[in-house]
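# Topology and contacts: notes
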Amino acid sequence: MNLTLFWIASRLLSSSQRKILTLTGWVSLLGLVLGVGSLVVSMAVISGFESTLKKSVADVAGHVNILKFSNEQITWQDLVEKIKKSDDLVEDGVPFISIEGVMAHKGKLSGVMMQGLDPASIQKVLNLSTRLVKGQFQIQGGEEPQALIGKGIAQHFGVNIGDQIRIVVPIASELEVNQFRRRLVKLKVAGILDLGKFEYDQRMIFTNIETVQQVSEIGAQYTGILLKLKDIDQARAFIPRLEKTLGNGYRIRDWKSVNEPLFEAVKIERVVIFFVIFVIILAASFNVASSLYINVVQRFSEIAILKSFGLSSKQLVRMLSLQSLVLGGIGCGLGVGVGVLLCFGFSWLQTEFGIIPGSVYKVDHIDIEIRFLDVFIIIVTTLLICYLASLAPAKKGARMTTVEGLRYE
Amino acid sequence: MNKPILSARTLTKSYTQGTGELPILKGVSIDIQAGESLCIVGASGSGKSTLLHILGTLDRPDSGELYFEDRNLSALSDDELAQFRNSTMGFVFQFHHVLSEFTAIENIMLPARIAGISKDQARADAMRLLSHMGLESRANHFPNQLSGGELQRVAIGRALMRRPKILFADEPTGNLDSNNSQIIQDLFFQLKKDYGLTLVVVTHDQKFAEKFSRQMKLSDGHFST
Ligand SMILES: Nc1ncnc2c1ncn2[C@@H]1O[C@H](COP(=O)(O)OP(=O)(O)O)[C@@H](O)[C@H]1O
Ligand SMILES: [Mg+2]
């Protein structure tokens, strides 16, 4: 039965003899296509942005970040063992020390974050090696300690593989609280990393943990542990469990809360952009409905004859809604197609021309991600709007008296 | 006497015109016998179409009742009436109202499809009707490829698709040349015989009217024989 209505509805739409879709009808369909297309693109960009950030954060800073405040005398090896034993979710851990410093090179100065890591366990926790763009992935200590630097630093200072870089580190004086001593550390650039997030690229220098311990004169102390979990999405739920295991003296955050404001902003942006662009779809749907309305009025006598041989008002309403849904479906289909094409175009543009300024958007390259859920939501809401918009013409059609349509041609 | 198939009791209908009421039907009663051929004549504007629409449940009277066999049609809802029309009544109008997006055979299939009859069944039935009217070669033509006479025959085929008991026609030859008009007139009586139809036809054509078993003249809102 519904198939019959669908048959009639779509046939009345595809008429070649009498144009059901007037120029305004086509324009409104085009509007629908563009609206759906731009929504697909913007959701893909936002999703890609989010994923790029998430991946960058997880690759560079691990899934869980533990800061050790307590004076508990426990080596990092023991601490990692303890954490691993406490929960199956934990894959591995790596100790780290972070200290701020100033890098000076060829007359330029810039603040950097020096991160000391354990070369033996770094690969088990961080995905840094996949981000190597030049040189070798090595952070051996010793006489001439090696360093991996963000590509922003390499660019800014014009340093290359094998170059020596100097970093000045402030050491708090034991004698006077407000005084600092300077210590200089010389590192040899072993590799250059593309860290994904702009700030990372501009600031991060990775080197051997022992080197940093020596420079900052803290013995075997460490800032904390970075963890890798078997499932990154369970990180948040895992934190309370870990807090219980470790007790006081530790500050534990997941990858998301380390960058909370950023991920929150992305979340809000997604909703805002969705609704802003959705207005285009809304307008287009009502345009489609209004051309259907005109059509209903023009097709007075056809509707009358259908009613005369038994089309009920209910069926008529359903038929007109189907017409709107058919148009909405065409608009969605073409719109998703256009959106996907635009996504490819955007990807091409950013690899060819590097169109994203990293200083503004936090990342300088987005792996565009067309999520099934995004597209699904776009299609469902668009069809829903088309359906709702069709109710007015449908009611009009149902209200029209049969006999008037039969008196004239 | 037989029980009438359709019987109307003191039907009235008026239209509002400007500020006043314009009475068109002022209490029309008629019994239509199963299998008879009834012709309604009358001056233009006398209310023939209005009456035909009410008898065919396309419109409702202001007052009065309409019975089909023993069923009070005035009590049915619009959607019930739609279903009733689909299964019991066929209509042919002055203008053929053939849908231009559908081929001849598809137009004829429409009432069956709306009733939920399968496509294959409907197509077979429609084909039989088409050949009955000498149009089998036109089955897959679109309306703009058919002549006025052929279109009116398609409309008649469509009206007969659901094997109605009563066939209503409102000036079915009003728009045709004399040759085509003759073909349609003959077809009506041929079909009446073949399908055992009850015919209720409005016409201006005196020669056509004389072929019916009963003529009723509508004037001043009443029947005068
Ligand atoms: N919807 C309407 N509103 C007002 N007047 C109408 C309407 N429909 C028909 N009429 C009038 O009712 C009268 C009868 O019309 P109709 O039944 O079509 O007559 P006939 O078919 O005998 O020519 C005419 O005067 C016509 O103008
Ligand atoms: Mg008339």
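In what follows, the structure referred to is the one given above.
Rules used throughout
Residues numbered from 1 in each chain as written. Chains lettered and ligands numbered in written order. Predicted model: local features only at pLDDT ≥ 70, side-chain atom pairs only at ≥ 80, totals over all residues. Heavy atoms only, no water. Helix = DSSP H or I, 4+ residues; strand = E, 2+ residues; numbered from the N terminus. Buried < 20%, exposed > 50% of the residue type's maximum accessible area, 1.4 Å probe, protein only. Contact = heavy atoms within 4.5 Å. Expected span 1.5 Å × (residues − 1). Buried area = accessible area lost by both parts, 1.4 Å probe. Polar contact = N/O pair within 3.5 Å; in protein donor to acceptor, adjacent residues only side chain to side chain. Nonpolar A, V, L, I, M, F, W, Y, C, P; charged D, E, K, R; others polar.

### Digging into the environment of Gln179 of chain A
Residues and elements named next belong to chain A. Here Gln179 lies in the loop between strand S6 (164–172) and strand S7 (180–193). The exposure class of Gln179 is partly exposed, given its relative accessible area of 44%. Residues Gln179 and Leu195, spaced 16 residues apart in sequence, show a C-alpha to C-alpha distance of 34 Å. In this structure Gln179 touches Ile171, Ala172 and Ser173, once residues within four positions along its chain are discounted.

### Some words on helix H5 (residues 148–160) of chain B
Residues and elements named next belong to chain B. In this model H5 runs 19 Å from its N-terminal to its C-terminal C-alpha over 13 residues, within 8% of the 18 Å that 1.5 Å per residue would give. Judged by how many residues are buried, H5 sits mostly within the fold: twelve of 13 residues are covered. The set of residues buried in H5 consists of Gly149, Glu150, Leu151, Gln152, Arg153, Val154, Ala155, Ile156, Gly157, Arg158, Ala159 and Leu160.

### Here's the deal with unusual backbone geometry
For Glu217 of chain A, which is not glycine, the phi torsion reads 55° and is therefore positive. Secondary-structure assignment places Glu217 of chain A in the loop between helix H7 (209–215) and strand S9 (224–229). According to the relative accessible area criterion, Glu217 of chain A is partly exposed, its value standing at 39%. Positive phi values are uncommon outside glycine, yet Asp220 of chain B reaches one of about 55°. When you line up the elements, Asp220 of chain B lands in the loop between strand S9 (214–219) and strand S10 (222–224).

### Focus: the interface of chain A and chain B
Often, the extent of an interface is quoted as the loss of accessible area on bringing the components together. Facing 29 residues of chain A, the contacting portion of chain B comprises 27 residues. For the chain A and chain B pair, buried surface summed over both sides reaches about 2,800 Å², with 62% attributable to carbon and sulfur atoms. The interface formed by chain A and chain B contains five residue pairs in polar contact (both at pLDDT 80 or more). Looking at the side of chain A that touches chain B, the elements that each hand over two or more residues are helix H1 (2–13), helix H11 (300–308), helix H12 (313–353) and helix H15 (402–407) of chain A. Tallying contributions element by element places H11 of chain A first for the side of chain A that touches chain B, with six residues. By residue class, the composition of the side of chain A that touches chain B is eleven nonpolar, eleven polar and seven charged.

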